[in-house]
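# Secondary and tertiary structure notes
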Amino acid sequence: GAVVSQHPSRVICKSGTSVKIECRSLDFQATTMFWYRQFPKQSLMLMATSNEGSKATYEQGVEKDKFLINHASLTLSTLTVTSAHPEDSSFYICSARIGSGNTDTQYFGPGTRLTVL
Amino acid sequence: DAKTTQPPSMDCAEGRAANLPCNHSTISGNEYVYWYRQIHSQGPQYIIHGLKNNETNEMASLIITEDRKSSTLILPHATLRDTAVYYCIVRGGSGYSTLTFGKGTMLLVSP
């Protein structure tokens, strides 16, 4: 299957700092990528849809000014958590879409564990 | 997208077939059934998807009932590495709908 990478795999930061997470599709181009968040013992929750060359679409309740998404190329999307606080500590996972229409498939990255002290 | 119902947990002996059920009684005609799994502390892994015909790949088989109201994911020879949460997701419809993850089934494969 298609490979999606994320960097870093884990990050620890102080409260108030910003953290950037990269998501790359390694062997395919993705016009659309997705960012999810997963809290302990819960399922994945979609945060936003990232479209190459245009603004991201955020899900209800997700602050676009706090979670900045940039999708500048067909293989890279970045998520920046600005002014991080302990409640932002979570497992952040990206995915990239391959295909079109009803049969497209999303492939997921390995995730980034963010801990805010 | 239609909602799915899965048992919260299942056990399977190593080497035996694991049959994971999923109910999706409100599925519409143009919606596909997708299966993903998530091993602890990793990103979800795509397994298989189908519309109405049974599907098979190197990982698993997907059996969809004729009325499409339920499906079963079959891992023919489960190994310890198949221990994971398995998600059955119905999506499709018009354009590019997103994946909505439920709680899934925690499959525990034991020696």
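Refer to the structure printed above.
Structure report, in brief. (Residues numbered from 1 in each chain as written. Chains lettered and ligands numbered in written order. Predicted model: local features only at pLDDT ≥ 70, side-chain atom pairs only at ≥ 80, totals over all residues. Heavy atoms only, no water.)

## Overview of the overall build of chain B
A tally of helices and strands in chain B yields zero helices and nine strands. Shown N-terminal to C-terminal, the secondary structure of chain B runs as helices and strands in the order β-β-β-β-β-β-β-β-β. Projected onto its principal axes, the C-alpha positions of chain B cover 45 × 30 × 25 Å. By the burial criterion, 47% of the 111 residues in chain B qualify as buried. A separation threshold of at least 6 residues defines the contact pool for chain B, and within that pool the share at least 24 residues apart is 57%. Summed over all atoms, the accessible surface of chain B reaches about 5,700 Å², with 51% contributed by carbon and sulfur. If the 9 positive side-chain charges of chain B are averaged to one point and the 9 negative ones to another, these points end up 4 Å apart. (Helix = DSSP H or I, 4+ residues; strand = E, 2+ residues; numbered from the N terminus. Buried < 20%, exposed > 50% of the residue type's maximum accessible area, 1.4 Å probe, protein only. Contact = heavy atoms within 4.5 Å. Areas by Shrake-Rupley, 256 points an atom, 1.4 Å probe, with all protein chains shown as cover. Lys, Arg positive; Asp, Glu negative; His and termini not counted. Charge placed at Lys NZ, Arg CZ, Asp CG, Glu CD.)

## Description of the pattern of salt bridges
Under the counting rule described, the total for this entry stands at five salt bridges over all chains. Note that Asp104 of chain A and Arg91 of chain B form a salt bridge whose closest N and O atoms lie 2.9 Å from each other. Taken together, the positions of Asp104 of chain A in the loop between strand 9 (90–98) and strand 10 (105–108) and Arg91 of chain B in strand 8 (residues 84–92) put the pair across two chains. By the burial criterion, Asp104 of chain A is buried, and Arg91 of chain B matches it. Sharing partners across several salt bridges, the network here consists of Arg97 and Asp104 of chain A together with Arg91 of chain B. (Salt bridge = Lys/Arg side-chain N within 4 Å of Asp/Glu carboxyl O.)

## Notes on the sheet that holds strand 1 (residues 4–7) of chain A
All names here are of chain A. Overall, antiparallel pairing links the four strands, which are arranged 1-3-8-7 in an open sheet. Both edges of this open sheet fall to strand 1 and strand 7 (67–73), since each of them pairs with a single strand only. Going across the sheet, the axis of each strand differs from the next one's by a mean of 15 degrees, ignoring polarity. Where strand 3 (residues 19–25) lies against strand 8 (residues 76–81), six bridges are found, and the strand directions are antiparallel. Counted as the bridge partner of Ile21 is Leu79 from strand 8. (Pairing = 2+ DSSP bridges. Axes fitted to C-alpha atoms, helices over the stretch in contact; angles between N-to-C directions.)

## Digging into unusual backbone geometry
The phi angle of most residues is negative, glycine excepted, and most peptide bonds adopt the trans form. A cis geometry characterises the amide bond from His7 of chain A onward to Pro8 of chain A, with omega recorded as 0 degrees. Even without a glycine there, the phi angle at Arg68 of chain B is positive, about 65 degrees. For Arg68 of chain B, the location among the structural elements is in the loop between strand 6 (61–64) and strand 7 (70–75).

## Some thoughts on the environment of Tyr107 of chain A
Note that Tyr107 of chain A resides in strand 10. Expressed as a C-alpha distance, the spacing of Tyr107 of chain A and Ser54 of chain A, which sit 53 residues apart in the sequence, is 21 Å.

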